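# A closer look at the structure
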Amino acid sequence: MTENIYEPIEYNYDPYDLCECYEPIFEPPESFLKECTQYWLSEWRKKCKPFVFPNGSYVLNSDGETHYCRNGIMIKVSEHFPSEGRTVEELLEDLVIYQSKQM
């Protein structure tokens, strides 16, 4: 006589909602969150060297994207112009020169 090896196995378990296990029990206080942020920022500063760019410089990252850096702010520059003609860099330089003459 052959046994049915495909017979379903019955398990005896308690129906727990696993999502309940991962929900926070309470909101941590704002002071604790600030302390954690300060700690991890200080750890990051120990391990990472800051990039210092002169004001008004363009930076090309490893992905080939161009960023304009000014006063510690990096703005991604993307061109939607034809390949011939003036670039965004040239237009931005003209804008800065024009605005400085207006002051």
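In what follows, the structure referred to is the one given above.
Notes on the structure in this doc start here.

Calculation rules
Residues numbered from 1 in each chain as written. Predicted model: local features only at pLDDT ≥ 70, side-chain atom pairs only at ≥ 80, totals over all residues. Heavy atoms only, no water. Phe/Tyr/Trp six-rings, centres within 6.5 Å; stacked < 30°, edge-to-face > 60°. Buried < 20%, exposed > 50% of the residue type's maximum accessible area, 1.4 Å probe, protein only. Helix = DSSP H or I, 4+ residues; strand = E, 2+ residues; numbered from the N terminus. Salt bridge = Lys/Arg side-chain N within 4 Å of Asp/Glu carboxyl O. Pairing = 2+ DSSP bridges. Axes fitted to C-alpha atoms, helices over the stretch in contact; angles between N-to-C directions. Contact = heavy atoms within 4.5 Å. Expected span 1.5 Å × (residues − 1).

## Remarks on the packing of aromatic side chains
Throughout the structure, instances matching the rule amount to 2 aromatic pairs. Ring geometry for Tyr 39 and Trp 40: centres 4.9 Å apart, planes at 75 degrees, overall edge-to-face. Exposure remark for Tyr 39: the relative accessible area of 43% places this residue in the partly exposed category. Note on Trp 40: relative accessible area 57%, which makes it exposed. Aromatic pair Tyr 58 and Tyr 68: ring centres 5.1 Å apart, planes at 50 degrees, arrangement tilted. One end of the pair, Tyr 58, is in strand β1 (residues 57–60); the other, Tyr 68, is in strand β2 (residues 66–70), and 10 residues separate them in sequence.

## Points about the pattern of salt bridges
Enumeration according to the criterion identifies 2 salt bridges in this entry. Here Lys 76 and Glu 65 are joined by a salt bridge, their closest N and O atoms 3.3 Å apart. Placement of Lys 76 in strand β3 (residues 73–77) and of Glu 65 in the loop between β1 and β2 is noted, with a sequence separation of 11 residues between them. In this structure Glu 65 comes out as partly exposed when scored by relative accessible area, which is 27%. Across the pair Arg 86 and Asp 94 runs a salt bridge whose closest N-O atoms are separated by 1.7 Å. Its relative accessible area of 36% is what places Asp 94 among the partly exposed residues.

## A closer look at the sheet that holds β3
Taken in spatial order, the 3 strands line up as β1-β2-β3 in an open sheet, and their pairing is antiparallel. Each edge of the open sheet is held by one strand with a lone partner, namely β1 and β3. Across the sheet, the mean angle from the axis of one strand to that of its neighbour is 30 degrees, orientation sign disregarded. As defined by bridge partners, β2 adjoins β3 across 5 bridges and the pair is classed as antiparallel. Paired with Cys 69 across the bridge in β3 is Met 74.

## So, the side chain of Thr 66
Considering the arrangement of structural elements, one finds Thr 66 in strand β2. Thr 66 gets classed as buried once you look at its relative accessible area, which sits at 18%. Among residues more than four places away in sequence, those in contact with Thr 66 are Tyr 58, Val 59, Leu 60, Ile 75, Lys 76, Val 77 and Glu 89.

## Topic: helix α2 (residues 30–47)
A rise of 1.5 Å per residue sets the reference length of α2, with its 18 residues, at 26 Å; its end C-alpha atoms lie 26 Å apart and thus fit the reference within 8%. Little of α2 is tucked away: 1 of the 18 residues are buried.

## Quick word on the side chain of His 67
Among the structural elements, His 67 can be located in strand β2. Filtering out sequence-adjacent residues up to four positions away, His 67 remains in contact with Ser 57, Tyr 58, Val 59, Asn 61, Met 74, Ile 75, Lys 76 and Val 77.

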